[in-house]
Amino acid sequence: MNQAEPALEKMAAPERAAGSHVVELRNLSLRFGDKKVLDAVSLSVDPQERLMIIGLSGAGKTTILRLIVGILSPTEGSVFFKQQDISRLTRHGLEQMRTRIGMVYQDAALLSSITVRENLALPLQELTEKTPGEIDKIVDEKLELVEMAGDGGLMPFELSGGMRKRVGLARALVMEPELILFDEPTAGLDPVVSSVIDQLIIGLTERSKVTSIIVTHLMDSAFRLATRMAMLHEGKIIEEGTPARMKQSKNPVLVQFLSGSAEGPIFKRSKYHMLSPAD
Ligand SMILES: Nc1ncnc2c1ncn2[C@@H]1O[C@H](COP(=O)(O)OP(=O)(O)OP(=O)(O)O)[C@@H](O)[C@H]1O
Ligand SMILES: [Mg+2]
């Protein structure tokens, strides 16, 4: 009996590891016409990680998030959400999957003609059987979590940039998702508000034990938030690892990106040379 145990463990271990990913991108490629945006990207995300995808503007970060929720389909390769190949899901299956994923859009994507409260209640009204009383309770709870209790009656145009981000965050939380995708959660905010939002994200994700994928090109935020990072460049993940490991990397592209320097390999080959001050 005792002798059999190690053998069993050996057999079970690789399977357990492969099966534990919340998201797995397998050889994912995507073309828009002639342009290859993603070139055989493989990346996996474990439970409760905050995986940060970093890269230049236009690198394909938002595109990766859209592939994960199935808004876009890959040219090649697959996206797995909890071991399910999402390309094999029926339309209903895909809708079900999306109820388990919260998305925080860069501009919060609130409906402008209804209040903050109504924006938060909408997914619950449309996708669940909850009563108005239950919905009210959840909305209050999420507003409180993002420190906006009492602001539910405001219209989206009455919100500052930081408040919009908070509301976007609260709306992503109402369905109690297992995975949250953040697209530039602090872009356009001042450094102090950015830090406050980052702390909020860390607190919320740790408390609710949710897994998250965050994309940003802001390095201060990236290093505050990430438990692991992956750098996307010219369609490929050129480096991944813990924030400490990324900082020590000798990869010249990553070194230039992290230092924000104009000197280095990045602009030499990229179409962005046309944005240089000389032009
Ligand atoms: N629907 C689309 N049709 C054609 N091209 C697209 C489409 N969506 C994105 N692209 C192109 O794919 C590339 C990656 O875009 P994406 O929005 O993913 O970049 P990003 O890394 O999120 O950039 P940013 O940091 O500026 O938000 C860009 O060159 C963009 O023009
Ligand atoms: Mg983007």
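Residues numbered from 1 in each chain as written. Chains lettered and ligands numbered in written order. Predicted model: local features only at pLDDT ≥ 70, side-chain atom pairs only at ≥ 80, totals over all residues. Heavy atoms only, no water.

## Section: the pattern of salt bridges
- With the rule as written, the count across this model stands at 17 salt bridges.
- Of the charged contacts in the structure, one is a salt bridge between Asp136 and Arg117, with a shortest N-O distance of 3.4 Å. Here Asp136 is found in helix α5 (residues 132–145), whereas its partner Arg117 is found in helix α4 (residues 116–127), with 19 residues between them in sequence.
- Looking at Arg117, the relative accessible area reads 25%, which means it is partly exposed.
- Several salt bridges share partner residues, and in doing so they unite Lys36, Asp39 and Lys236 into one network. (Salt bridge = Lys/Arg side-chain N within 4 Å of Asp/Glu carboxyl O. Helix = DSSP H or I, 4+ residues; strand = E, 2+ residues; numbered from the N terminus. Buried < 20%, exposed > 50% of the residue type's maximum accessible area, 1.4 Å probe, protein only.)

## Considerations on the sheet that holds strand β6 (residues 101–104)
- Read from one edge to the other, the open sheet built from six strands follows the order β6-β7-β8-β3-β9-β10, with strand pairing classed as mixed. Unpaired on one side and paired on the other, β6 and β10 (236–241) mark the two borders of the sheet. Going from strand to strand, the sheet's axes swing by 15 degrees on average, the running direction of each strand aside.
- Pairing geometry for strand β9 (residues 228–233) and β10, over five bridges, is antiparallel. Looking at β10, one finds that Ala230 is bridged to Glu240. (Pairing = 2+ DSSP bridges. Axes fitted to C-alpha atoms, helices over the stretch in contact; angles between N-to-C directions.)

## Regarding the layout of surface pockets
- In this model, the largest pocket occupies a volume close to 660 Å³.
- As for the largest pocket, its lining consists of 22 residues, of which Arg98, Ile101, Tyr105, Pro123 and Leu127 are closest to the centre.
- Of all the elements in the fold, those that place two or more residues in the lining of the largest pocket are α3 (91–98), β6, α4 and α6 (161–173).
- With five residues, the top contributor of residues to the lining of the largest pocket is α4. (1 Å grid on protein atoms, 1.4 Å probe; cavity = no way out; pocket = protein on both sides within 12 Å on 5 of 7 lines; lining within 4 Å. Points joined across faces, edges and corners; volume = space filled by probe spheres on them.)

## Observations regarding the packing of α4 against α6
- In contact at an axis separation of 8 Å, α4 and α6 are set at 25 degrees when each is read in the N-to-C sense. Put simply, α4 runs roughly parallel to α6. Judged by the sense of rotation from one axis to the other, the crossing of α4 with α6 is right-handed. Side by side, α4 and α6 meet where Val116, Asn119, Leu120 and Pro123 of the first sit next to Val167, Ala170 and Arg171 of the second.
- In terms of residue class, the contact of α4 with α6 is built from five nonpolar, one polar and one charged. (Parallel < 35°, antiparallel > 145°, perpendicular 65-115°, else oblique. Left-handed = near helix turned anticlockwise from the far one by under 90°. Contact = heavy atoms within 4.5 Å. Nonpolar A, V, L, I, M, F, W, Y, C, P; charged D, E, K, R; others polar.)

## Some words on the confidence of the model for the chain
- Across the chain, the average pLDDT comes to 87, with 89% of residues at or above 70.
- Confidence drops under pLDDT 50 across residues 1–17; counting only partners more than four residues distant or on other chains, this segment forms zero contacts.
- Below a pLDDT of 50 lies the segment residues 272–279, which in the model reaches six contacts outside its immediate sequence neighbourhood of four places, other chains included. (pLDDT = per-residue confidence, 0-100.)

## What to know about helix α7 (residues 191–208)
- Given a rise of 1.5 Å per residue, 18 residues ought to cover 26 Å, and the 26 Å separating the end C-alpha atoms of α7 matches this to within 8%.
- Listing the buried residues of α7 in full gives Ser194, Ile197, Asp198, Leu200, Ile201, Ile202, Leu204 and Thr205.
- Where the residues of α7 are buried, they touch β3 (50–54), α5, α6, β7 (179–183), β8 (211–216) and α8 (219–225).
- A distance of 2.9 Å separates the backbone nitrogen of Val192 from a side-chain oxygen at the start of α7, and that oxygen is part of Asp190.
- Count one or two residues on from α7 and you reach Lys209, which has phi positive near 55 degrees. (Expected span 1.5 Å × (residues − 1). Polar contact = N/O pair within 3.5 Å; in protein donor to acceptor, adjacent residues only side chain to side chain.)

## Examining the site of ligand 1
- Of all residues adjacent to ligand 1, which total 13 residues, the nearest are Ser57, Gly58, Lys61, Thr62 and Thr63.
- Between an oxygen atom of ligand 1 and a side-chain N or O atom of Lys61, the distance comes to 2.7 Å.
- For ligand 1, the accessible surface in isolation is 640 Å², of which the surrounding protein chains cover 66%.
- Where the shell around ligand 1 is concerned, the elements lending two or more residues are β2 (35–45) and α2 (61–68). (Near = heavy atom within 4 Å. Areas by Shrake-Rupley, 256 points an atom, 1.4 Å probe, with all protein chains shown as cover.)

## Side note on the environment of Met229
- Looking at the element boundaries, Met229 is found in strand β9.
- It is 4.6 Å that separates the C-alpha atoms of Met229 and Met52, two residues lying 177 residues apart in sequence.
- With residues near it in sequence (within four places) discarded, Met229 still touches Leu51, Met52, Ile54, Ala222, Phe223, Glu239, Glu240, Gly241, Pro243 and Met246.

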